[in-house]
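Each chain is listed here by its residues.
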Amino acid sequence: MASTLPLFEHPQLAAIKAEREQLQRKLERGGCDAHSRIRREHRLAILTAQQMQIELRLGMGASS
């Protein structure tokens, strides 16, 4: 069964995706101390979880 896309995208979801992309670029670039890297990785994990929750509520998550 094909998944349906919502008619609109949640503004919070768009903000989370943008922040995740920015953090991923910073992590890929490197050049920071260990504490900053750990903070960024932790923030990335939190944002990923938030994104997954929103997508599941909108019905955009992967169906099992």
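Structural data are supplied above this passage.
Residues numbered from 1 in each chain as written. Predicted model: local features only at pLDDT ≥ 70, side-chain atom pairs only at ≥ 80, totals over all residues. Heavy atoms only, no water.

Secondary structure summary: the protein contains two helices and zero strands in total. When the 64 residues of the protein are sorted by exposure, 17% land in the buried category. Put simply, 66% of the contacts in the protein that link residues at least 6 apart link residues at least 24 apart. Summed over its atoms, the accessible surface of the protein is roughly 5,100 Å², and 55% of this surface lies on carbon and sulfur atoms. (Helix = DSSP H or I, 4+ residues; strand = E, 2+ residues; numbered from the N terminus. Buried < 20%, exposed > 50% of the residue type's maximum accessible area, 1.4 Å probe, protein only. Contact = heavy atoms within 4.5 Å. Areas by Shrake-Rupley, 256 points an atom, 1.4 Å probe, with all protein chains shown as cover.)

With that settled, the discussion passes to the nonpolar core. In terms of nonpolar packing, the biggest core is built from seven residues, these being Leu 13, Ile 16, Leu 23, Leu 27, Leu 44, Leu 47 and Ile 54. Among the secondary structure elements, those contributing two or more residues to this core are α1 (11-29) and α2 (34-58). It is α1 that contributes the most residues to this core, four residues altogether. (Core = buried A, V, L, I, M, F, W, Y, C linked by side-chain atoms within 4.5 Å.)

Relative to the assigned elements, Gln 51 resides in helix α2. Taking the relative accessible area as the measure of exposure, Gln 51 reaches 10% and is therefore buried. Every residue in contact with Gln 51, bar those within four places of it in the chain, is listed here: Leu 13, Ile 16, Lys 17 and Arg 20.

Before going further, it helps to spend a moment on α1. Here α1 contains 19 residues, and its C-alpha end-to-end distance of 27 Å stays within 8% of the 27 Å for a straight helix at 1.5 Å per residue. All buried positions along α1 are accounted for by Leu 13, Ile 16, Arg 20, Leu 23 and Leu 27. Viewed along the axis of α1, the buried residues span an arc of 95 degrees, placing them on a single side of the element. In α1, the exposed positions that point more than 90 degrees away from the buried face belong to Pro 11 and Arg 29. In the core, the buried residues of α1 are packed alongside α2. The first or second residue beyond α1 is Gly 30, which carries a positive phi of 75 degrees. (Expected span 1.5 Å × (residues − 1). Arc of directions from axis to C-beta.)

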